[in-house]
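# Residue-level structure breakdown
Listed below are the residues making up each chain.
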Amino acid sequence: MDGSFRKIDIDQYDEDVLLESELYEPDERDPSQVVSDAKQKAATVRQSLARGDTAGALTTALEGAPYGPNVDEAKNLTLQTVVSILNSTKATEIPNIVRALSPDAQDTLMKYLYKGMAMPGWGDVSGSVLLGWHEKLTEAAGTGCIVRAMTDRRLV
């Protein structure tokens, strides 16, 4: 059977094709600036955690999450930062922290939870910790948070 027909990109002939770049506004920052911001944010988060301000650390980590192409290093660094916050939080503190987040921050946290679940064995990712946060976040934000995280094209 000849498989050469699969090498043709039929979307080039369709005038109504929807490109990935048309689904959301691109991040205006330069990729090197995004990495620099992620490193600076990670340092700020470590300082907040050292002071015991878990809610402030999580809010800082979730602000201006990197998305789009060419920023994989910043995405991984931000994921490591978020996971370190999640792992260092006591289970009794989670509901209050989740309720204190803005709806946008809740949606972004849900994206990071799913990204962490999709990467088993990566870094400090613990499935039980992520599932615990997922449960508390769903209780606070509702199932709409899950739908928004799944359908948003701005991948973290």
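Look above for the structure.
Residues numbered from 1 in each chain as written. Predicted model: local features only at pLDDT ≥ 70, side-chain atom pairs only at ≥ 80, totals over all residues. Heavy atoms only, no water.

## Some points on the pattern of salt bridges
Test applied: In what follows, salt bridge is the name for a side-chain nitrogen of Lys or Arg lying within 4 Å of a carboxyl oxygen of Asp or Glu. Working definition: helices are DSSP H or I runs of at least four residues, strands are E runs of at least two. Numbering for both runs from the N terminus.
Under the criterion given, the structure shown has 4 salt bridges. One salt bridge in this structure joins Arg148 and Asp107, with 2.8 Å as the shortest N-O distance. One end of the pair, Arg148, is in helix H7 (residues 143–151); the other, Asp107, is in helix H5 (residues 103–117), and 41 residues separate them in sequence. Beyond isolated ion pairs, a larger network of salt bridges with shared partners links Lys111, Asp152 and Arg154.

## So, the packing of aromatic side chains
Keep this limit in mind: Ring geometry is summarised as follows: Phe, Tyr and Trp rings, the Trp one being its six-membered ring, pair when their centres sit within 6.5 Å, and such pairs are stacked at plane angles under 30 degrees, edge-to-face over 60 and tilted between the two. Here, over-ring charges are defined by two tests on the NZ atom of lysine or the CZ atom of arginine: distance to the ring centre within 6 Å, and angle to the ring normal within 35 degrees.
A full pass over the atoms with the stated rule returns 0 aromatic pairs. Over the aromatic face of Tyr67 sits the side chain of Arg154, whose NZ or CZ is 5.7 Å from the ring centroid.

## Description of helix H3 (residues 72–87)
For an α-helix, the turn length of 3.6 residues means that residues three or four places apart are oriented alike. Using the following cut-off: Given a helix with a known number of residues, its expected span is that number minus one, times 1.5 Å. Throughout, exposure labels follow a simple rule: accessible area from a 1.4 Å probe, protein chains only, divided by the maximum for the residue type, with under 20% read as buried, over 50% as exposed, and the rest as partly exposed. Throughout, a contact is declared for two residues whenever any of their heavy atoms are within 4.5 Å.
For H3, which comprises 16 residues, the first-to-last C-alpha distance of 22 Å matches the rise-based estimate of 22 Å (1.5 Å per residue) to within 8%. Of the positions making up H3, those classed as buried are Ala74, Lys75, Thr78, Leu79, Thr81, Val82, Val83, Ile85 and Leu86. Contacts made by the buried residues of H3 are with helix H1 (31–51), helix H2 (54–62), H5 and helix H6 (127–141).

## Some points on the packing of H1 against H3
Between two packed helices, both the angle of their axes relative to each other and the distance between the axes serve to describe the pair. Counted only if it meets this: The axes used here are C-alpha line fits, helices contributing only the stretch in contact, and every angle between their N-to-C directions lies in the interval 0 to 180 degrees. Oblique is the label for any angle not under 35 degrees, not over 145, and not in the 65 to 115 range, which are roughly parallel, roughly antiparallel and roughly perpendicular in turn. Only Asp, Glu, Lys and Arg are considered charged in this grouping, and only Ala, Val, Leu, Ile, Met, Phe, Trp, Tyr, Cys and Pro are considered nonpolar; every other residue, Gly among them, is considered polar.
Their axes nearest at 8 Å, the elements H1 and H3 cross at an angle of 10°. Between H1 and H3, the angle is such that the two are roughly parallel. Across the interface between the two elements, Val34, Val35, Ala38, Lys39, Ala42, Val45 and Leu49 from H1 touch Glu73, Ala74, Leu77, Thr78, Thr81 and Ile85 from H3. Considering only residue class, the contact of H1 with H3 consists of 9 nonpolar, 2 polar and 2 charged.

## Observations concerning the environment of Val82
In this structure, Val82 sits in helix H3. For Val82, a relative accessible area of 1% corresponds to the buried category. In this structure, the C-alpha to C-alpha distance between Val82 and Thr60, residues 22 residues apart in sequence, is 9.7 Å. Val82 has contacts with Leu58, Ala61, Leu62, Leu109 and Tyr112, leaving out every residue within four places of it along the chain.

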